[in-house]
Amino acid sequence: MSEELRQTFKVMSPQGLHARPASLFVKIANKYASEITVIKDSESTSGKSMMGILTLAAEQGSDIELVIKGPDAHDAMRELGSFLSQIDHSEQNKWNQSE
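It should be emphasised that the depicted structure is a prediction, and the values quoted were computed from it without experimental measurement.

Caption draft 1: Highlighting the pattern of salt bridges. Summed over all chains, the structure comprises 6 salt bridges. Across the pair Glu79 and Lys31 runs a salt bridge, and its minimum N-O distance is 3.0 Å. Taken together, the positions of Glu79 in helix α3 (residues 73-86) and Lys31 in the loop between α1 (19-29) and β2 (35-40) put the pair 48 residues apart, joining distant regions of the chain. The exposure class assigned to Glu79 is buried, which follows from its relative accessible area of 13%. According to the relative accessible area criterion, Lys31 is partly exposed, its value standing at 33%. With its nearest N and O atoms 2.5 Å apart, the salt bridge here joins Asp75 to Arg78. A residue pair is termed a helical-turn pair when its members lie 3 or 4 positions apart in one helix, as Asp75 and Arg78 do in helix α3 at 3 residues.

Caption draft 2: Expanded view of the environment of Ile68. Relative to the helices and strands, Ile68 resides in strand β4 (residues 63-69). Under the relative-accessibility criterion, Ile68 is labelled buried at 0%. Each C-alpha atom, one on Ile68 and one on Val38, is 8.7 Å from the other, the two residues being 30 residues apart in sequence. Ignoring sequence-local partners within four residues, the contact set of Ile68 consists of Glu3, Glu4, Leu5, Ser34, Glu35, Ile36, Ala73, Ala76, Met77 and Leu80.

Cut-offs and rules
Starting afresh in each chain, residues are numbered from 1 along the sequence in its written order. The predicted origin of the model limits local features to residues at a pLDDT of at least 70 and limits the giving and counting of side-chain atom pairs to 80 or more, whereas totals for whole chains, interfaces and linings rest on all residues. Heavy atoms throughout the structure, all of them, feed into the side-chain values; hydrogens and water do not. Salt bridges are counted wherever a side-chain nitrogen of Lys or Arg sits within 4 Å of a carboxyl oxygen of Asp or Glu. For helices the rule is a DSSP run of H or I covering at least 4 residues; for strands it is a run of E covering at least 2, with both sets numbered from the N terminus onward. Partly exposed residues are those whose accessible area sits between 20% and 50% of the maximum for their type, while under 20% is buried and over 50% is exposed, using a 1.4 Å probe and protein chains only. We call two residues contacting when some pair of their heavy atoms lies within 4.5 Å.

What follows is the structure, encoded as structure tokens:
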């Protein structure tokens, strides 16, 4: 049985989780087999859906809860949490080159 992980992060990107940062988030999420759910306030969506992430309208400073369940949940939580907590304009190239 896969463990379900839950953790809340603050969106640090000056752009929030819109456009380019959302695209990079989804790219990272899709590397993992685990089910990834993103929750903001009372709305939730798949972390692997660009449209879903954009509909959350997560601005800089927003609290986002990640719920991840699956075989690589720990790795996914670590990478996505780091992305949400540390990204800024100078960091985007690092995440874009991530395989």
